[in-house]
Amino acid sequence: MASRANLSALQTATTLSATLSILGSGFVIVQTSRHGARSKRDWLLIILSAFDFVASFAMVFGQRFASDEPNTACVAQAAGIQFFGVASFVWTANLSLEVVTSLRHGRQPLSAAATRRGILRPLVPALLVPAASCAVISAVGGWGDATLWCWVSSHHPEWQLALYYLPLVIAWSVSVCSFVAVRSAISRRLRHAMQAGGLPTLGQSQLASDAVRQLSGYLLVFVIFYASGLLNRGYCAIAVVFAGGAEAYEEATGGICFRFPLIFAQALLLPLQGFGNALVYGKLVPRLYNVCGSRLRVRTSA
């Protein structure tokens, strides 16, 4: 069972991480919206950041609405986390596929002006998939206290995995496969550019390489920050299955599944996707690396 000190630490970690994600997502939305003629890439980032912004806003309240009998605020928080979290997964997978498509056709459609059809077509499944998952959870009465916040109740780990983490794993798989395909396409272009010796071709390959680095950054953020949640919820789901069900597990252990190191890592890392995307978008990590590296070289030479 969770002690009061543990619950307080989880609340602090959740509020801090979600606040950083809200600020990061807002930064990406504001900066990208300042572009005069928004490209398709701009809209992809704006919508992804909007999903992360709302999901983080729902998480920032932590356990404040949690109760044994879910109230309106608890259900609203739970549905917000579920809907916009899954929407973010679907949209991240779409972002990966868009980059692959742009390279496969030998052009840069992501930098072209966005069309209404080009945005609405991937937006429809990004809204329908989470809406369907929320409908299923509502039908089975699955909303409730999930320890960190109101979400799919900790008494239903099977629904947590099936309706949240299964879409997450699928999105991971699509993103990783897309990344591998893009890297392969980049390598072929570079080889052709070197063989042809043409600077324009090499320049196009450089543009494609920049797209790959951007994609790999968002993918890395996506995988790292959500891995903690998958590890924690997956561990609990396996423990419940081996115990013979949620009721049997609670009878044997005296409460719901709770492993503080795992759930603290989830509280600290899972809400941070919006913040991580802001670091990638603002290219802050390479800038920080260059600044630290230059200072280190100066000290070494001295």
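Description of the structure in this document. (Residues numbered from 1 in each chain as written. Predicted model: local features only at pLDDT ≥ 70, side-chain atom pairs only at ≥ 80, totals over all residues. Heavy atoms only, no water.)

## Some thoughts on unusual backbone geometry
Glycine aside, the phi torsion of most residues is negative, and most peptide linkages are trans.
Consideration 1: Unusually for a residue other than glycine, Thr147 sits at a positive phi of about 75 degrees.
Consideration 2: Mapped onto the secondary structure, Thr147 falls in the loop between strand E1 (143-145) and strand E2 (150-152).
Consideration 3: For Thr147, a relative accessible area of 9% gives the class buried. (Helix = DSSP H or I, 4+ residues; strand = E, 2+ residues; numbered from the N terminus. Buried < 20%, exposed > 50% of the residue type's maximum accessible area, 1.4 Å probe, protein only.)

## Considering the environment of Leu268
Consideration 1: As for its position among the elements, Leu268 is in helix H8 (residues 260-269).
Consideration 2: Measuring from C-alpha to C-alpha, the distance between Leu268 and Thr14 comes to 5.8 Å, with 254 residues separating the pair along the chain.
Consideration 3: Residue contacts for Leu268: discarding those within four places in its chain leaves Ala13 and Ser17. (Contact = heavy atoms within 4.5 Å.)

## Remarks on the nonpolar core
Consideration 1: One finds Phe89, Trp151, Tyr164 and Tyr226 to be the most contacted residues of the largest nonpolar core, which totals 35 residues.
Consideration 2: For this core, the secondary structure elements donating two or more residues are helix H1 (4-33), helix H2 (40-59), helix H3 (72-104), helix H4 (116-139), E2, helix H5 (157-196), helix H6 (199-243) and H8.
Consideration 3: Ranked by the residues each element gives to this core, the list is headed by H3, at seven residues.
Consideration 4: Apart from the residues lying within four places of it in its own chain, the contact partners of Tyr226 are Phe89, Tyr164, Tyr165, Leu168, Trp172, Leu270 and Gln273. (Core = buried A, V, L, I, M, F, W, Y, C linked by side-chain atoms within 4.5 Å.)

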